[in-house]
Amino acid sequence: MVEDPCRKIIHIDMDAFFAAVEQRDFPKYRNKPIIVGGKPDTRGVVATCSYEARQYGIHSAMPSSQAYRLCPQAVFVKPRFEAYKEASSIIRQIFSNYTELFEPLSLDEAYLDVSNNTSHQGSATLIAKDIKASIVKKTHLVASAGISYNKFLAKIASDMDKPNGLYLITPEQGNQFVEKLSVGKFHGVGKATEKKMHTLGIKTGIDIKEQSLPFLLKNFGKAGHYYYNIARAIDHRPVNNHRYSKSVGVETTFQVDIKDRRQVLQHLDLLFNKALKKLEAKKMAAQTLTVKIKYHDFVQITRSKTLSKIITDSTEKNLILEGLLKNTEVGRRKIRLLGVTLSSFKDPTQLLKYQQMDLFE
Ligand code: TTP
Ligand code: MG
């Protein structure tokens, strides 16, 4: 299949988001290494840190105690989620001025499809520049933008020139760009897959491209399809405007954090039943089950599984939930919130794409 060269996709990602909000609101933190997250004397982790702190090798998800050892003079700041949510809703408002078709991925990140935006002489780069300027004006925060013809490349592009980045990958450059990209940089290739690829002698995009589809499927399961396409800079995933997607979610915050794996599964089971009732009440059908886990230190993860069949009472939910908890720290780390979301897709072709993608999202 030939990639449609006409799409114009922008990926926006705020720079050092939580830390930038803190530096904006508290001038005493400006130009200083600051770390947002758990305190070093607890077992907390770094949510993020200012670019000044990154010079010391500190990064997200690093234990705070290790961050302290790397930079004892760093200031540790407690997260203020309300402030981050407020900034996030302003940037989403800004996105809506440029396109109806934007897909937030988290508080600080979104894809925009600006193919139908005819302003700025139809230049996605100029639109991205304008969005960045608007964000600075309305929030006093800085974003990086990646511009390309699909989501995969736009996301990589936004990371290329951080902070305050603006990076374009044209349809002419896409293929060559991916060929040179090391596999660890591929969105969707985790540490374990990277290691496996290295043992197979696969180091960059071009090495993947040289493998046959059967070889990739044999070694990486259905993810092989994704790698096969991505190595050719092909990514047909649409930008999904969630306002039109159909999903129901329920979640619960515990008064006292829980840790026991069995207890977690029991809660997820209850949440699943509640979500299913809600879904049925709305006469909706779902094929994707998403579990949200917020650990005691507010670090949050989600895990999804898309089934080939509609989710019902008789779905093997326990097996699926167990599967989703693999590669999480459930049982080892305290949890403050659990959530379950059931979502549907508008058409079967979209479902097919997501079946290929569900390992990565
Ligand atoms: P990121 O966009 O990954 O990081 P960032 O915005 O801090 O820095 P940059 O994009 O310039 O590299 O994540 C956005 C926010 O999400 C981040 O500010 C804090 C939060 N976050 C966590 O709480 N835990 C994590 O492990 C990560 C990666 C992010
Ligand atoms: Mg960011």
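Quick caveat: nothing in here was measured; it's all calculated off a predicted structure.

1. With respect to the overall build of the protein chain
Here comes step 1: Scanning the protein chain from terminus to terminus reveals 14 helices and 12 strands.
Here comes step 2: Here the C-alpha radius of gyration of the protein chain, 21 Å, is about what a compact globule of 361 residues would show, namely 21 Å.
Here comes step 3: Considering only C-alpha atoms, the protein chain reaches an extent of 55 × 55 × 45 Å along its principal axes.
Here comes step 4: A separation threshold of at least 6 residues defines the contact pool for the protein chain, and within that pool the share at least 24 residues apart is 65%.
Here comes step 5: Summing over all exposed atoms, the protein chain offers an accessible surface of approximately 18500 Å²; the carbon and sulfur share of this is 53%.
Here comes step 6: Looking at the protein chain, you have 55 positive and 37 negative side-chain charges, and the mean spots of the two groups are 3 Å apart.

2. Side note on the coordination of the magnesium ion (ligand 2)
Here comes step 1: Around the magnesium ion (ligand 2), the protein contributes the donor atoms Asp 13 (OD), Met 14 (O) and Asp 108 (OD), at 2.0 to 2.2 Å from the metal centre.
Here comes step 2: For the magnesium ion (ligand 2), the six donor atoms in the first shell make angles of 82 to 176° at the metal, a pattern classed as octahedral.
Here comes step 3: All donors of the magnesium ion (ligand 2) come from a single chain, and their spacing in sequence reads D-M-x93-D. One end of the pair, Asp 13, is in strand β1 (residues 9-14); the other, Asp 108, is in the loop between β5 (102-106) and β6 (109-113), with 95 residues separating them in the sequence. For the pair shown, Asp 13 and Asp 108 are each scored as buried.

3. Some points on helix α13 (residues 317-325)
In an α-helix, one turn spans 3.6 residues; hence positions three or four apart end up facing the same way.
Here comes step 1: For α13, the set of buried residues is Lys 317, Ile 320, Leu 321, Leu 324 and Leu 325. Relative to the axis of α13, the buried residues are bounded by an arc of 135° and lie together on one face.
Here comes step 2: Residues of α13 that are buried make contact with α12 (261-281), β10 (288-295) and β11 (300-306).

4. Quick word on the pattern of salt bridges
Here comes step 1: One pass over the full model with this rule turns up 16 salt bridges.
Here comes step 2: Measuring nitrogen to oxygen at the nearest pair gives 2.8 Å for the salt bridge that ties Glu 251 to Lys 292. Of this pair, Glu 251 sits in strand β9 (residues 247-258) while Lys 292 is found in strand β10, placing the two residues 41 residues apart along the sequence.
Here comes step 3: A residue is classified by how much of its surface remains accessible, and Glu 251, at 47% relative accessible area, is partly exposed.
Here comes step 4: Lys 292 gets classed as partly exposed once you look at its relative accessible area, which sits at 22%.
Here comes step 5: A salt bridge links Asp 269 to Lys 317; the nearest nitrogen and oxygen atoms lie 3.5 Å apart. Of the two residues, Asp 269 sits in helix α12 while Lys 317 sits in helix α13, which places them 48 residues apart along the sequence. Neither Asp 269 nor Lys 317 differs from the other in exposure class; each is buried.

5. Remarks on the domain arrangement of the protein chain
Here comes step 1: Taken as a whole, the protein chain is organised into domain 1 (7-169), domain 2 (175-230) and domain 3 (247-357).
Here comes step 2: One C-alpha centre belongs to domain 2, the other to domain 3, and the line joining them spans 29 Å.

6. What about the sheet that holds strand β7 (residues 143-148)?
Here comes step 1: Pairing within the open sheet is mixed, and its five strands lie in the order β5-β6-β1-β7-β8. A single partner strand is all that each edge strand has here, and the edge strands are β5 and β8 (166-168). Taken over all neighbouring pairs, the strand axes of this sheet differ in orientation by 15° on average, direction set aside.
Here comes step 2: Sheet topology note: the β1/β7 ladder contains six bridges and is antiparallel. Within β7, the position partnered with His 11 by the bridge is Gly 146.

7. Focus on the sheet that holds β9
Here comes step 1: Strand order in this open sheet of four strands is β9-β12-β10-β11, and the pairing throughout is antiparallel. With one partner strand each, in any of the chains shown, β9 and β11 form the two edges of the open sheet. Neighbour-to-neighbour, the strand axes of this sheet turn through a mean angle of 15°, independent of strand direction.
Here comes step 2: Strands in contact with α12 are β9, β10 and β12 (335-343); relative to β12, the strand with the most contacts, it is inclined by about 35°.
Here comes step 3: Seen against the sheet, α13 touches β10 and β11 and runs at an angle of roughly 45° to β10.

8. Observations regarding the site of ligand 1
Here comes step 1: The environment of ligand 1 is formed by 13 residues, the closest being Asp 13, Ala 16, Thr 48, Tyr 51 and Arg 54.
Here comes step 2: Backbone polar atom of Ala 16 to an oxygen atom of ligand 1: 2.8 Å apart, as the coordinates give it.
Here comes step 3: The contact in question runs from an oxygen atom of ligand 1 to an N or O atom on the backbone of Phe 17, over 2.9 Å.
Here comes step 4: Looking at the shell around ligand 1, the elements that each hand over two or more residues are β1, α1 (17-25), β3 (46-49) and α2 (51-54).
Here comes step 5: Across the shell around ligand 1, the residue classes tally to six nonpolar, two polar and five charged.

9. Structural notes on helix α5 (residues 124-139)
Here comes step 1: Along its 16 residues, α5 runs 22 Å from first to last C-alpha, staying within 8% of the 22 Å computed at 1.5 Å per residue.
Here comes step 2: Buried within α5 are the following residues: Ala 124, Ile 127, Ala 128, Ile 131, Lys 132, Ser 134, Ile 135 and Thr 139. All buried residues of α5 lie within an arc of 160° about the axis, which places them on one face of the element.
Here comes step 3: Buried positions along α5 lie against β1, α1, α4 (81-96), β6, β7 and β8.
Here comes step 4: Directly after α5, the chain includes His 140, whose backbone phi takes a positive value near 60°.

10. Looking at the nonpolar core
Here comes step 1: Core analysis: the biggest nonpolar cluster contains 33 residues, and Ile 10, Ile 12, Phe 17, Phe 95, Leu 112, Ile 131 and Ile 135 have the highest contact counts within it.
Here comes step 2: Broken down by secondary-structure element, the contributors of at least two residues to this core are β1, α1, β2 (34-37), α4, β6, α5 and β7.
Here comes step 3: Looking at this core element by element, the count peaks at six residues for α4.
Here comes step 4: Excluding residues within four positions of it along the chain, Ile 10 makes contact with Ala 110, Tyr 111, Leu 112, Val 114, Ala 124, Ile 127, Ala 128, Ile 131, Ala 145, Gly 146, Ile 147 and Ala 154.
Here comes step 5: Judged by nonpolar contacts, the second largest core, of 30 residues, contains Phe 254, Leu 271, Phe 272 and Leu 321.

Definitions and limits used
- Here the residue numbers are simple positions, counted from 1 along each chain's written sequence.
- The lettering of chains begins at A and the numbering of ligands begins at 1, in the order of writing.
- Selection of residues for local features in this predicted model requires a pLDDT of at least 70, selection of side-chain atom pairs for listing and counting requires 80 or more, and totals for whole chains, interfaces and linings are taken over all residues.
- Only heavy atoms go into the side-chain values, all of them from the structure, while hydrogens and water stay out.
- Strands here mean DSSP runs of E at least two residues long; helices mean DSSP runs of H or I at least four residues long; both are numbered from the N terminus.
- To get the radius of gyration, use the C-alpha atoms; to get the globule rule, take the number of residues to the power 0.38 and multiply by 2.2 Å.
- Should any heavy atoms of two residues lie within 4.5 Å, those residues are considered in contact.
- Areas reported as accessible are Shrake-Rupley estimates using a 1.4 Å probe. Residue values count occlusion only from the protein chains shown.
- Residues scored as positive are Lys and Arg, those scored as negative are Asp and Glu, and His as well as the terminal groups of each chain are ignored.
- We put the charge of a Lys on NZ, of an Arg on CZ, of an Asp on CG and of a Glu on CD.
- We call an atom a donor if it is N, O or S and sits within 2.8 Å of the metal, or 3.2 Å for Na, K and Ca. Water is not counted, so some sites may look partial.
- A four-donor site is classed as tetrahedral when every donor-metal-donor angle falls between 85 and 135 degrees; four donors are called square planar, and six octahedral, when trans pairs exceed 155 degrees and all remaining angles lie between 65 and 115, with any other arrangement labelled irregular.
- Relative accessibility decides the category of a residue: with a 1.4 Å probe and only protein chains considered, values under 20% of the type maximum give buried, values over 50% give exposed, and everything between is partly exposed.
- To be clear, the arc concerns the directions from the helix axis to the C-beta atoms.
- Salt bridges are identified by distance alone: a Lys or Arg side-chain nitrogen within 4 Å of an Asp or Glu carboxyl oxygen.
- What fixes the domain bounds is an automatic or database domain assignment.
- Any two strands with at least two DSSP bridges between them are considered paired.
- Helix axes are fitted only over the stretch in contact, all axes being lines through C-alpha atoms; the angle between N-to-C directions runs from 0 to 180 degrees.
- It suffices for a single heavy atom of a residue to lie within 4 Å of a molecule or strand for the residue to be listed as near it.
- Pairs of N or O atoms within 3.5 Å make up the polar contacts considered here, provided that, within protein, one atom can donate a hydrogen while the other can accept it, and that residues adjacent in sequence are counted only when both atoms are side-chain atoms.
- Amino acid classes used here: Ala, Val, Leu, Ile, Met, Phe, Trp, Tyr, Cys and Pro are nonpolar; Asp, Glu, Lys and Arg are charged; the rest, including Gly, are polar.
- Take the residue count of a helix, subtract one, and multiply by 1.5 Å to get its expected span.
- Remark: nonpolar core denotes a set of buried residues (Ala, Val, Leu, Ile, Met, Phe, Trp, Tyr, Cys) joined through side-chain atoms within 4.5 Å.

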